[in-house]
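Here is how the chains run, residue by residue.
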Amino acid sequence: MKYSKFSCGTQRQSSAGRDDGFTLLELLVVMVIIGLLASYVGPKYFNQIGKSDVKAARAQLDALDKSLDQYRLDTGHYPSTEQGLNALVQPPASEAKWSGPYLKKDVPLDPWGAAYQYKAPGEHGEFDLFSFGKDGQLGGTGEAADITNW
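Residues numbered from 1 in each chain as written. Predicted model: local features only at pLDDT ≥ 70, side-chain atom pairs only at ≥ 80, totals over all residues. Heavy atoms only, no water.

**Considering the sheet that holds strand 6 (residues 147–148)**
Point 1. In spatial order, the strands read 4-5-6; together these three strands make up an open sheet with antiparallel pairing. Edge positions in the sheet fall to strand 4 (117–119) and strand 6, since each has one partner strand and no second.
Point 2. Here strand 4 pairs with strand 5 (residues 128–131) via three bridges, running antiparallel. Residue pairing in the sheet places lysine 119 in a bridge with aspartate 128 of strand 5. (Pairing = 2+ DSSP bridges. Helix = DSSP H or I, 4+ residues; strand = E, 2+ residues; numbered from the N terminus.)

**Brief notes about the pattern of salt bridges**
Point 1. Throughout the structure, instances matching the rule amount to two salt bridges.
Point 2. Linking glutamate 126 and arginine 72 is a salt bridge whose minimum nitrogen-to-oxygen distance equals 3.7 Å. Of this pair, glutamate 126 sits in the loop between strand 4 and strand 5 while arginine 72 sits in helix 1 (residues 24–75); the two residues are 54 residues apart in sequence, bridging distant segments of the chain.
Point 3. Taking the relative accessible area as the measure of exposure, glutamate 126 reaches 46% and is therefore partly exposed.
Point 4. Its relative accessible area of 35% is what places arginine 72 among the partly exposed residues. (Salt bridge = Lys/Arg side-chain N within 4 Å of Asp/Glu carboxyl O. Buried < 20%, exposed > 50% of the residue type's maximum accessible area, 1.4 Å probe, protein only.)

**A few points about the nonpolar core**
Point 1. If you look at the biggest cluster of nonpolar residues, it comprises 20 residues, and the most contacted ones within it are Leu68, Leu85, Leu88, Tyr118 and Leu129.
Point 2. By residue number, the principal contributor to this core is helix 1, which donates six residues.
Point 3. Not counting chain neighbours up to four residues away, the residues in contact with tyrosine 118 comprise Leu68, Tyr78, Pro79, Ser80, Thr81, Gly84, Leu85, Phe127, Asp128 and Leu129. (Core = buried A, V, L, I, M, F, W, Y, C linked by side-chain atoms within 4.5 Å. Contact = heavy atoms within 4.5 Å.)

**Comments concerning the packing of aromatic side chains**
Point 1. One pass over the full model with this rule turns up six aromatic pairs.
Point 2. With a centroid separation of 5.5 Å and 70° between ring planes, the pair formed by phenylalanine 130 and phenylalanine 132 is classed as edge-to-face.
Point 3. The class for phenylalanine 132 is partly exposed, based on a relative accessible area of 24%.
Point 4. Ring plane angle 70° and centroid distance 5.8 Å describe the contact between phenylalanine 130 and tryptophan 150, whose orientation is recorded as edge-to-face. Here phenylalanine 130, found in strand 5, pairs with tryptophan 150, found in the segment after strand 6; they are 20 residues apart in sequence, far enough to count as distant. (Phe/Tyr/Trp six-rings, centres within 6.5 Å; stacked < 30°, edge-to-face > 60°.)

**Considering unusual backbone geometry**
Point 1. Cis rather than trans, the peptide bond between glycine 100 and proline 101 has omega equal to 10°.
Point 2. The residue proline 101 is located in the loop between helix 1 and strand 4 in this model.
Point 3. Residues alanine 120 and proline 121 are joined by a peptide bond in cis, for which omega reads -5°.
Point 4. Tracing the backbone shows proline 121 in the loop between strand 4 and strand 5.

**Observations concerning a nonpolar patch on the surface**
Point 1. Residues Leu25, Val29, Ile33 and Leu37 make up a contiguous nonpolar surface patch of roughly 390 Å² in combined accessible area.
Point 2. Position of leucine 37 relative to the elements: it lies in helix 1. (Patch = residues over 30% accessible without salt bridge, like charges linked within 9 Å, V, L, I, M, F, W, Y side chains within 5 Å. Areas by Shrake-Rupley, 256 points an atom, 1.4 Å probe, with all protein chains shown as cover.)

**Concerning the environment of proline 79**
Point 1. Following the sequence through the fold, proline 79 ends up in the loop between helix 1 and strand 4.
Point 2. The class for proline 79 is buried, based on a relative accessible area of 0%.
Point 3. Along the sequence, proline 79 and lysine 119 sit 40 residues apart, while their C-alpha atoms lie 9.1 Å from each other.
Point 4. In contact with proline 79, not counting residues within four places along its chain, are Leu68, Tyr71, Gly84, Ala87, Tyr118 and Ala120.

Here's what the structure looks like:
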């Protein structure tokens, strides 16, 4: 059994002239490498989360759009702005031809927890259906941009 030449009061077993364990410098280098990797991967991960919210909102808009088309096929018109998207789940009082519900569940909120906006007649078509996006305000760019059906 060999012992290190510089023991400083403790005896460490060495194997082929090398001490067992890691030095403080080696640990710091590893921690710096891990930090660099985390700083590179972290923003890319959170960017993907934002993109998935936008994709989910577009998918929900598409499903609501199809449900509104089915409502129109049954009743001959789209729900009014006052009736809103709730007309897809509960029959409006004045609608005799309603044969829904047109959604399996209640009208969903957008991925950011806000209600979808609905106007009929719309400025861009027979109806406008949109979400204000992440910022909850009209307009915006990137993840904060409005998601629309037009």
